Amino acid sequence: MKIGSKCFAALAVAVACCMPLAHAREGVDVGGNSVLTKLVSAEKVERSAAQQYVQLLQQAEAKRALAPKDNAQVVRLRAIAQKLIPFASEWNPRARDWQWEVNLIGSSQINAFCMPGGKIAFYTGILEKLQLTDDEVAMVMGHEVAHALREHARERMAKSATTNIAARIAGAVASSYFGIDSRITDGVARGGANLLTLEFSRENESEADLVGMELAARAGFDPRAGVTLWQKMGAAEGKAAQQNQLTQFFSTHPIGKNRIADIQANLPKVMPLYERARRR
C-alpha cells in the first residue's frame, strides 16, 4: 500500500512524538517544577523578595555591616555571579529579566542566599570561616541561585495554607543579628512568608545541589568543589554543634553522607560541561 507524502509526513510526526528524544540535554536531570507553584504568582513572590532584600540591605548599612562595592570580596563575588548568570535562563526563562544583585554583609554567621528575582547575599562568615576557593564559592552561589530558579520559595509558600502566620515571624534572622524591631520586617513580609527564613525540603536541597553544580560547571568552575565544600560544611557543623552554636543554615542544609554521595554520583554528567567551558 502506498502512502502519500502528506500522510507519510503526518505519520512521521506522530511517531516522533511518541519516541524519546534522541539527544537528551546534557547535565543533570531533576524533573519538572511542582504544580503547586501555580497557586502563587511568580510576580508576587519576586516583588516581595525585592522589598525584603532592600530592607535587609538598609538594616545592614545602618549597622555599617554592608560591604562597599570596591571591597575585594564583593568584587570577587560579583565576578563569579557574572559567569553564572548567563546560564540561569535555561532553568527559568524569567531569569532573563531579573534585576540581579550581589552584596556582602558583615556577619560571623555561615550563610548565603539568593532570593527570588536574583537577589544574592553572602555573609562574611561563610567566606572567612570556610576559606572558600572560587570554585567552592561558585558551588555555594550556584546552589542558592538554583533555589530561586527552581522557585522553591514559591512552592513552599503555596504549600503553606497559613502564610499569614509565617509573616508574623518575618525578620527572625535579620532581627537577631542586626537588632532590628521585628515589627518592621513583619510589615515587609505581610504579603506572604518571610523569604529569608523559609525552610526547604530535602528534595529541594538535593535539586539545588545538582542544578547549582551544573550552573557552576557551565560557567567554568570545577564541580568537584561541591565535594570539598560540603566536607568543609560538615566540619564547621560539627564544631558549631560542640559549641552549641548551630545556626539556621545548618538546620536547613543537612550535610550527611548522602548529600556528598549524590554530588559524586552526578559528577560524570557535568564534568564534560566543565571541561568544555575551560577550553573556551
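Everything below is about the structure shown above.
Residues numbered from 1 in each chain as written. Predicted model: local features only at pLDDT ≥ 70, side-chain atom pairs only at ≥ 80, totals over all residues. Heavy atoms only, no water.

S.K.: Mind showing me how you'd approach the pattern of salt bridges here?
M.R.: Oppositely charged side chains are able to pair whenever their charged atoms sit close together. This structure, assessed with the given rule, holds 10 salt bridges. As a salt-bridge pair, R94 and E43 come within 3.5 Å of each other at their nearest N and O atoms. Within this pair, whereas R94 is found in the loop between α3 (72–84) and β1 (101–105), its partner E43 is found in helix α2 (residues 42–62), the two being separated by 51 residues in sequence. Residue R94 is classed as partly exposed on the basis of its relative accessible area of 29%. In this structure E43 comes out as partly exposed when scored by relative accessible area, which is 44%. The shortest N-O distance in the salt bridge between E101 and K119 comes to 2.9 Å. With E101 in strand β1 and K119 in strand β3 (residues 119–123), this residue pair connects regions lying 18 residues apart in the sequence. By sharing partners, the salt bridges in this structure join E43, E46 and R94 into a single network. (Salt bridge = Lys/Arg side-chain N within 4 Å of Asp/Glu carboxyl O. Helix = DSSP H or I, 4+ residues; strand = E, 2+ residues; numbered from the N terminus. Buried < 20%, exposed > 50% of the residue type's maximum accessible area, 1.4 Å probe, protein only.)

S.K.: I would appreciate a short explanation of the packing of aromatic side chains in the present structure.
M.R.: To describe a pair of aromatic rings, you give the distance between the ring centres and the angle between the ring planes. Taken as a whole and judged by the stated rule, the model has one aromatic pair. Here W98 and W100 contribute two aromatic rings whose centre-to-centre distance is 5.4 Å and whose plane-to-plane angle is 55°, an arrangement assigned as tilted. Neither residue differs from the other here; W98 and W100 are each classed as buried. Over the ring of W230 we find R259; its NZ or CZ atom is 4.0 Å from the centre of that ring. (Phe/Tyr/Trp six-rings, centres within 6.5 Å; stacked < 30°, edge-to-face > 60°. Lys NZ or Arg CZ within 6 Å of the ring centre and 35° of its normal.)

S.K.: Would you mind going over the environment of E26 with me for this structure?
M.R.: Tracing the backbone shows E26 in the loop between α1 (5–18) and α2. Take E26: its relative accessible area is 37%, and that puts it in the partly exposed class. Sequence separation between E26 and V270 is 244 residues, and the spatial gap between their C-alpha atoms is 7.7 Å. Leave out the neighbours within four places in its chain, and E26 touches E214, R218, L273 and R276. (Contact = heavy atoms within 4.5 Å.)

S.K.: I tried to follow the packing of α3 against helix α5 (residues 134–149) on my own but got confused; where do I start?
M.R.: The description of two helices packed together rests on the angle between their axes and the distance between the axes. Two elements in contact, α3 and α5, have axes whose closest approach is 10 Å; the angle formed by their N-to-C orientations is 65°. When the axes of α3 and α5 are compared, the crossing they make is right-handed. Facing R76, L77, I80, A81 and L84 of α3, the residues of α5 in contact are D134, V137, A138, M141 and G142. Broken down by class, the residue content of the contact of α3 with α5 amounts to seven nonpolar, one polar and two charged. (Axes fitted to C-alpha atoms, helices over the stretch in contact; angles between N-to-C directions. Left-handed = near helix turned anticlockwise from the far one by under 90°. Nonpolar A, V, L, I, M, F, W, Y, C, P; charged D, E, K, R; others polar.)

S.K.: Help me out: how do you make sense of the sheet that holds β1 in this one?
M.R.: Two strands in a sheet stick together by hydrogen bonds in their backbones, pointing the same way (parallel) or opposite ways (antiparallel). The three strands are arranged β1-β3-β2 in an open sheet whose pairing can be described as mixed. Either end of the sheet is taken by a strand with one partner, and the two such strands are β1 and β2 (112–115). If you compare each strand with its neighbour and ignore which way they point, the axes differ by 15° on average. Both β2 and β3 contribute to a ladder of four bridges, which runs antiparallel. Each bridged residue has a counterpart across the sheet, and for C114 the counterpart in β3 is I120. Lying on the sheet, α2 is in contact with β1, β2 and β3; it crosses β1 at an angle near 35°. Helix-sheet contacts for α3 involve β1 and β3, and the interaxial angle to β1 is about 150°. (Pairing = 2+ DSSP bridges.)

S.K.: Is there a simple way to explain α2 in this structure?
M.R.: Residues that lie three or four places apart on an α-helix share one face, since the helix turns once every 3.6 residues. Counted at 1.5 Å a residue, the expected span for α2 with its 21 residues is 30 Å, and the 30 Å between its end C-alpha atoms agrees. All buried positions along α2 are accounted for by A42, V45, E46, S48, A49, Q52, Y53, Q55, L56, L57, Q59 and A60. Of the residues one or two after α2, R64 is the one with positive phi, at around 55°. (Expected span 1.5 Å × (residues − 1).)

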